[in-house]
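# Structural characterization, general
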Amino acid sequence: MNRHIMPARTPPVDPARVLVIVATSQFSGHAVVDGWGLAPGSFATWDLVSFATNAARTRSFKRHLIRSLRRYRPAVLVLGVPRYDGTRARGLREAATQLATALGVSVVERPVAAGRRLLLGCLRGSNDDALAERISTGFFPELANFRNDKQTIQRRYRSHSFEAVALALHELVARSPLSAAAVARNDAFAMGLFNTALAESARRHFPDNL
């Protein structure tokens with residue numbers, strides 16, 4: 001790895017800040033969530049489809065990741081395992097793990113299914129736009145403009161980003177239930193398994209108060 005692009009280790013800006021990447025060989029979803037909400041500019045898709053070789057794709061992915069770690073300084077990097085995993089996706093997660101570990105950032109892997117179940121109660125909702133609808137209605141209305149209920153390239157382009165947000169909420173519930181409750185709107189508490197998971201996490205974190 002090029003030592004000139006390696007920053008010094010930096011502490012997280014927020015102990016509850018979660019950075020999630022759902023890495024695939026075409027479009028990698030990215031989101032950062034903490035107790036203040038969705039971090040500005042963090043709902044993003046990294047377009048990796050145009051690269052001719054796996055090496056070029058990985059270099060671009062790592063450049064994106066370094067910039068993100070520098071900018072957002074998360075407490076943890078969550079690598080989402082897509083529903084249709086493959087060799088290239090696993091290679092990107094391995095590269096991300098090595099890079100983040102070298103920077104002193106904790107790394108965990110979680111299946112994207114965990115985030116979908118949290119908000120939908122199952123893997124698939126009533127339509128292809130169900131997860132995006134739950135996220136924009138229950139948590140971040142600013143993402144409503146990115147929704148697309150039709151089977152288009154644009155919806156595919158954003159789908160992993162919405163999965164990244166869902167997985168970030170899943171991790172926030174587990175790590176900091178008060179932060180998760182703070183970013184939830186009223187509608188969120190009736191969604192999927194969110195309220196149940198929040199209550200269970202609160203009991204673990206605050207056993208003497210509940």
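A quick note: this is a predicted structure, and the numbers were derived from the prediction, not measured. (Residues numbered from 1 in each chain as written. Predicted model: local features only at pLDDT ≥ 70, side-chain atom pairs only at ≥ 80, totals over all residues. Heavy atoms only, no water.)

With that settled, the discussion passes to the environment of Ser25. By the secondary structure assignment, Ser25 is in the loop between strand S1 (18-22) and strand S2 (27-34). Relative accessible area serves as the criterion here: at 21%, Ser25 is assigned to the partly exposed category. Remark: the alpha-carbon pair of Ser25 and Ser50, spanning 25 residues in sequence, is separated by 9.9 Å. Beyond its immediate stretch of four places on either side in the chain, Ser25 contacts Leu48, Val49, Arg57, Arg88 and Leu92. (Helix = DSSP H or I, 4+ residues; strand = E, 2+ residues; numbered from the N terminus. Buried < 20%, exposed > 50% of the residue type's maximum accessible area, 1.4 Å probe, protein only. Contact = heavy atoms within 4.5 Å.)

On to the packing of aromatic side chains, then. In total, this model carries 6 aromatic pairs according to the counting rule given. For the ring pair Phe43 and Phe146, a centre distance of 5.1 Å and an interplane angle of 50° mean the geometry is tilted. With Phe43 in the loop between strand S3 (37-38) and strand S4 (44-47) and Phe146 in the loop between helix H4 (130-138) and helix H5 (153-175), the pair connects residues that are 103 residues apart, well separated along the chain. Its relative accessible area of 10% is what places Phe43 among the buried residues. Classification of Phe146 by relative accessible area gives partly exposed; the value is 31%. An aromatic cluster of three or more residues is present, and its members are Phe139, Phe140, Phe189 and Phe194. (Phe/Tyr/Trp six-rings, centres within 6.5 Å; stacked < 30°, edge-to-face > 60°.)

Before going further, it helps to spend a moment on the pairing of strand S6 (residues 106-111). Bridging between strand S5 (residues 76-81) and S6 involves 6 bridges; their strand directions are parallel. Each bridged residue has a counterpart across the sheet, and for Val76 the counterpart in S6 is Ser106. With respect to chirality, the unit in which S5 leads through helix H2 (residues 87-102) into the neighbouring parallel S6 is right-handed. (Pairing = 2+ DSSP bridges. Right-handed = clockwise from strand over helix to strand, strands pointing away.)

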